[in-house]
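One-letter residues, chain by chain:
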Amino acid sequence: MKLLLLFSLVALAQCFLHKVPLRKGKSLRQSLQEHGLLERYLKQHPYNPAAKYFRTGVSSEPMQNYMDNSYYGTISIGTPAQEFTVIFDTGSSNLWVPSVYCASLSCSDHKRFNPADSSTFVSTNDSLYIAYGTGSMSGVLGYDTVQVADIVVENQIFGLSETEPGDFFYYCPFDGILGLAYPSISSDGATPVFDNMMDEGLVNKDLFSVYLSKDEESGSFVLFGGIDPYYVTNGISWIPVSAETYWQIRMQRVSIKDEVAACHSGCQAIVDTGTSLLAMPYGDLTKVFKALGATSSGEISCKDRHTLPDVVFHINGATFPVTPSAYVVESDGACSVAFEGVDIPTESGELWILGDVFIREYYVVFSRGKNMVGLSRLA
């Protein structure tokens with residue numbers, strides 16, 4: 001009887017959980033490389049992972065920040081539903097997709113939202129501008145019904161692109177972005193999708209959680225409203241959010257072989273599903289490369305990859321190791337460390353970005369109710 005009751009409670013709890021499967025596919029970098037466009041793209045669009053975090057007078061969401069992302073999920077907008085592939089990005093707060101108003105080549109190979117086909121679409125006179133550095137995406141804002149998993153959010157504000165820059169984005173493996181950060185950084189004051197979910201009582205708990213599979217494994221997901229107990233058998237370490245903007249937390253230090261290697265006096269970090277690698281200030285990057293025996297460009301001997309030490313992050317009194325199997329990347333027989341340099345000065349110090357390289361090692365819970373990030377090490 002007790003066992004039956006337990007199963008019944010688990011089944012009931014699952015009714016309030018809403019899982020969006022994420023599929024792992026080619027990255028924009030891989031697509032451009034296959035079509036011989038990568039070198040020209042990088043020349044015209046200098047890669048700067050920091051650009052995403054500089055707030056300006058206009059919306060700024062540089063698409064080169066998504067060069068290496070390969071986890072995508074599906075949402076729908078409108079009545080009847082029009083489906084789009086998006087990145088679920090904890091490093092931004094807006095939702096936008098291409099529209100039929102966009103005549104750019106970049107839009108031609110993507111699904112485009114058609115307001116005329118939706119009986120629930122409401123137009124506005126508000127424009128949207130997103131800077132890309134060497135070009136820009138411009139569009140308009142509108143309201144419509146957005147469905148994420150089985151959650152239906154009515155009157156959700158979102159961006160409809162009218163122009164997109166260059167021919168490179170023709171090869172982009174995703175259509176748009178669904179931001180999951182705090183509303184304080186939302187462009188044009190648009191209410192983020194998850195905020196509407198909470199305000200309308202559409203989720204059981206004011207949190208969502210993320211699991212990113214390793215290598216070519218399937219099973220990645222974003223879970224809205226709850227925590228999957230299968231992935232937290234090691235317990236959850238809770239870390240207070242230090243700024244309600246991005247999912248920003250404070251780190252005490254970073255160590256290698258029990259020696260402090262970086263972040264000596266403490267530093268700030270952003271847990272960001274929209275950034276593929278693990279980024280740190282250039283000064284710390286040099287120290288980490290030296291401690292790992294890597295070259296100044298991050299190259300390392302493939303035969304030594306299995307003997308490399310863990311890189312350990314000390315956060316809120318707990319330790320969070322990232323193993324060499326997670327941070328060493330092999331491509332065409334050459335190995336390199338999946339860390340990169342970035343300069344993001346803030347009042348509380350320079351920022352680190354804990355991207356997918358870090359997130360794949362942990363089940364991550366983003367709690368708006370507690371304003372905390374939870375980390376549970378995966379087996």
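Residues numbered from 1 in each chain as written. Predicted model: local features only at pLDDT ≥ 70, side-chain atom pairs only at ≥ 80, totals over all residues. Heavy atoms only, no water.

Q: Give me the lowdown on the overall build of the protein chain, citing residues and values where you can.
A: Secondary structure summary: the protein chain contains eight helices and 28 strands in total. Counting all 379 residues of the protein chain, 54% fall into the buried class. The long-range share in the protein chain, meaning contacts at least 24 apart out of those at least 6 apart in sequence, stands at 69%. Roughly 16,300 Å² of accessible area belongs to the protein chain as shown, and the carbon and sulfur atoms make up 51% of that amount. (Helix = DSSP H or I, 4+ residues; strand = E, 2+ residues; numbered from the N terminus. Buried < 20%, exposed > 50% of the residue type's maximum accessible area, 1.4 Å probe, protein only. Contact = heavy atoms within 4.5 Å. Areas by Shrake-Rupley, 256 points an atom, 1.4 Å probe, with all protein chains shown as cover.)

Q: How would you sum up a negative patch on the surface? Please name residues and give values.
A: A surface patch of like charges, here negative, comprises E154, D199, E200 and D206. Here E200 is to be found in the loop between α5 (193-199) and β11 (207-211). (Patch = residues over 30% accessible without salt bridge, like charges linked within 9 Å, V, L, I, M, F, W, Y side chains within 5 Å. Salt bridge = Lys/Arg side-chain N within 4 Å of Asp/Glu carboxyl O. Lys, Arg positive; Asp, Glu negative; His and termini not counted. Charge placed at Lys NZ, Arg CZ, Asp CG, Glu CD.)

Q: Can you explain the confidence of the model for the protein chain? Please cite residues and give values.
A: Taken over all residues, the pLDDT of the protein chain has a mean of 83, while the share at 70 or more is 78%. Scored below 50 in pLDDT, residues 1-15 makes zero contacts in the model with residues more than four places away or belonging to other chains. Every residue in residues 54-67 is under pLDDT 50, and counting partners more than four places away or in other chains gives 64 contacts. (pLDDT = per-residue confidence, 0-100.)

Q: Provide a residue-level description of the packing of aromatic side chains, including the pertinent values.
A: On inspection of all chains with the given rule, the structure shows 24 aromatic pairs. When the centroid spacing of 5.3 Å and the interplanar angle of 90 degrees are considered together, the rings of F113 and F158 count as edge-to-face. Of the two residues, F113 sits in the loop between α4 (105-108) and β7 (122-131) while F158 sits in strand β9 (residues 151-163), which places them 45 residues apart along the sequence. A relative accessible area of 1% means that F158 is categorised as buried. Ring pairs connect the aromatic residues F88, Y182, F194, F208, F224, W247 and F366, which therefore count as one cluster. Note that K19 overlies the ring of F221, its terminal NZ or CZ placed 4.2 Å from the centroid. (Phe/Tyr/Trp six-rings, centres within 6.5 Å; stacked < 30°, edge-to-face > 60°. Lys NZ or Arg CZ within 6 Å of the ring centre and 35° of its normal.)

Q: Now, about unusual backbone geometry: what can you tell me, with residues and values included?
A: For residues besides glycine, phi is generally negative; the peptide bonds are generally trans as well. Here the residue pair T79 and P80 is connected by a cis peptide bond, since its omega of 0 degrees sits within 30 degrees of zero. Topologically, P80 is positioned in the loop between β4 (71-77) and β5 (82-89). We note that A149 has phi near 55 degrees; this positive angle belongs to a residue other than glycine. Despite not being glycine, N316 has its phi angle at roughly 55 degrees, a positive value.

Q: Which residues make up the pattern of salt bridges, and what values go with them?
A: Scanning all chains against the criterion turns up five salt bridges. A salt bridge links E361 to K214, with the shortest nitrogen-to-oxygen separation between them at 3.2 Å. Highlighted residues: E361 in the loop between α8 (356-359) and β27 (362-367) and K214 in the loop between β11 and β12 (221-224), separated in sequence by 147 residues. A residue is classified by how much of its surface remains accessible, and E361, at 5% relative accessible area, is buried. Across the pair R305 and E330 runs a salt bridge whose closest N-O atoms are separated by 2.8 Å. Taken together, the positions of R305 in the loop between β20 (299-300) and β21 (311-315) and E330 in strand β23 (residues 328-331) put the pair 25 residues apart, joining distant regions of the chain. Under the relative-accessibility criterion, R305 is labelled buried at 17%.

Q: Explain helix α6 (residues 282-292) residue by residue, including any values.
A: Every buried residue of α6 is listed here: D284, L285, V288, F289 and L292. Each buried residue of α6 sits inside an arc of 135 degrees when the element is viewed along its axis, so together they form one side. Exposed residues on α6 whose side chains face more than 90 degrees from its buried face are T286 and K290. In the stretch just after α6, G293 is the one whose phi turns positive, near 80 degrees. (Arc of directions from axis to C-beta.)

Q: Give a description of the state of the cysteines that names residues and reports values.
A: Under the definition given, this model contains three disulfides. Covalent S-S linkage joins C102 and C107, the inter-sulfur distance amounting to 2.0 Å. Taking the sign of the S-S torsion, 80 degrees for the link of C102 and C107, the bridge is right-handed. Across the pair, C107 and C102 agree in class, each one buried. Sulfur-sulfur distance for the disulfide between C263 and C267 comes to 2.1 Å. Negative torsions about the S-S bond denote left-handed disulfides, and the value of about -110 degrees found for C263 with C267 makes this one left-handed. One exposure class covers both C263 and C267, and it is buried. By sequence-ordered numbering of the bonded cysteines, the protein chain has its disulfides arranged as 1-2, 3-4, 5-6. (Disulfide = S-S within 2.5 Å.)

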